[in-house]
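Listed here are the chains, written in short residue letters.
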Amino acid sequence: MTPADLSRTVLHAVRRAVDEDALRVPVPARVRVERTRPGGSGDYACAVALQLAGPAALPALEVARILRERVAAEPGVGRVEITGPGFLSFTLDAPAESDRTVLAAVREQGLAYGHGDALRDEIHQFHHAREVRAAVTAQTVARLLAAQGARVRTTCAEPLDPDWARLGVTVDAHGTPPVPLTGIRPVPAGATAGELLERLGPDAARWGLLRAAGHDRAALGPELLVQGEANPLFRVRYAHARARALTRGAAALGFTAEPAPCDESPTGPAAHGASPAAQAANAEPAATTAHDAAARPLLDLIADHPGVLLAGARHRAPDRVARQLEAVAHAFFDFHDSCPPLPAGDEKPSAAHRARLAIAEAAGTVLAGGLSLLGIRAPEHL
């Protein structure tokens, strides 16, 4: 169960409680769940009971009890506790099953992993100045919202800068809008689109314009072109390219990924060069054993990706997506170095390698999908 799935599960529990007349409140449009903070209980926490207590004219603890009864029986939820003044804390079912579900979702949805229809009833109209950072930000926010099902229209105060097209920017109309629209007003870039394209190229320019929060100045110096780990954009793109290289390397060795959690040690016939069919049959034991420790942070980030995309859309904050990609890239390299997805030397491909490869491929897909939403290319080779 992903965080987005859990959010929908809690929202469904609220609707059931209202339908059954256990709660008399307006059903909220959405319910927010967050990872439990250090020292907290469970995997995720939710403050919905505190939010509904006032409208329900009930103590928050009583609202939490009503919701706990309805969430605890849902598939994928292992345990629901009430903590503090009325927080709901959720412990999900065995990580192996949850991880397998997430990896299967990434494989099935591809670059659209994390897209959804949570905002399908929303219509947005954005207006921005004839300034490159405002234009790129507005277009990217529109793309994030559209990926969550919203309908979006953007307008610009004046005719477009011809160089914007080279940055992938378009608008629906220009001129003074007939009615007040939502303004997109990040701190200006201090340079024109043409200047940025000449110095940085489209990908680095877009990353620099989007990586900083809108109220901060954008870092648009030559460090964006450095081909090294100190450059977050390079690190993100290199992690994607490395994930794709792992897939090519595995194909050359005659094996493919299996979307199951990884095991530290090779087992069964796969450890002795078995056929692909035998390897597939042997993949199941890896799903029931302990994870490589380094896989946990990466798996958690992959599971969190849909929630980050939704938050980036709701808060009009593409910088949240950029920071998520940086975190995924960092966790990918930690995982890659600690748990190599490819066998070395005379080592034979094992169930562990196939499971690790599935995690690496999912990370590559998340990175490519996130970069695509930011309008940045994800090269297969770097």
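Residues numbered from 1 in each chain as written. Predicted model: local features only at pLDDT ≥ 70, side-chain atom pairs only at ≥ 80, totals over all residues. Heavy atoms only, no water.

1. Here we look at the side chain of His336
Tracing the backbone shows His336 in helix α10 (residues 318-338). At 3.3 Å, the side chain of His336 and the side chain of Asp337 are in polar contact. (Helix = DSSP H or I, 4+ residues; strand = E, 2+ residues; numbered from the N terminus. Polar contact = N/O pair within 3.5 Å; in protein donor to acceptor, adjacent residues only side chain to side chain.)

2. Here we look at the pairing of strand β5 (residues 123-128)
The pairing of β5 with strand β6 (residues 151-156) spans six bridges and is parallel. Bridging across to β6, His127 finds its partner in Thr155. Following the chain from β5 across helix α5 (residues 132-147) to the adjacent parallel β6, one finds a crossover that is right-handed. The pairing of β5 with strand β8 (residues 182-184) spans three bridges and is classified as parallel. When the bridges of β8 are listed, His128 appears paired with Ile184. (Pairing = 2+ DSSP bridges. Right-handed = clockwise from strand over helix to strand, strands pointing away.)

3. A short note on the sheet that holds strand β1 (residues 33-35)
Spatial ordering of the open sheet is given by β1-β2-β4-β3, a layout of four strands whose pairing is antiparallel. One side of each edge strand has no neighbouring strand; the edge strands of this open sheet are β1 and β3 (77-83). Mean inter-strand twist for the sheet, computed between neighbouring axes without regard to direction, equals 30°. Where β1 and strand β2 (residues 44-46) come together, three bridges link them in antiparallel fashion. When the sheet's bridge partners are listed, Arg35 is paired in β2 with Tyr44. Relative to β3, helix α3 (residues 60-71) is tilted by about 175°, and along the sheet it contacts β3 and β4 (87-92). (Axes fitted to C-alpha atoms, helices over the stretch in contact; angles between N-to-C directions. Contact = heavy atoms within 4.5 Å.)

4. A few points about the environment of Phe332
One can find Phe332 in helix α10. Classification of Phe332 as buried rests on a relative accessible area of 1%. It is 9.0 Å that separates the C-alpha atoms of Phe332 and Ala294, two residues lying 38 residues apart in sequence. Those residues within four positions of Phe332 in sequence are excluded, and the remaining contacts are Ala239, Arg242, Ala243, Leu246, Leu298, Ala360 and Ala363. (Buried < 20%, exposed > 50% of the residue type's maximum accessible area, 1.4 Å probe, protein only.)

5. Some details on the confidence of the model for the chain
Scored by pLDDT, the chain comes out at a mean of 86, with 88% of its residues at no less than 70. Long-range and interchain partners of residues 261-291, a stretch whose pLDDT sits below 50, account for 66 contacts in this model, where long-range means more than four residues apart. (pLDDT = per-residue confidence, 0-100.)

6. What about helix α1 (residues 3-19)?
When the terminal C-alpha atoms of α1 are compared, their 24 Å separation across 17 residues agrees well with the 24 Å that a helix rising 1.5 Å per residue should span. Within α1 the residues assigned to the buried category are Pro3, Leu6, Ser7, Thr9, Val10, Leu11, Ala13, Val14 and Ala17. Note on α1: the residue one or two positions beyond its end, Asp21, has a positive phi of about 65°. (Expected span 1.5 Å × (residues − 1).)

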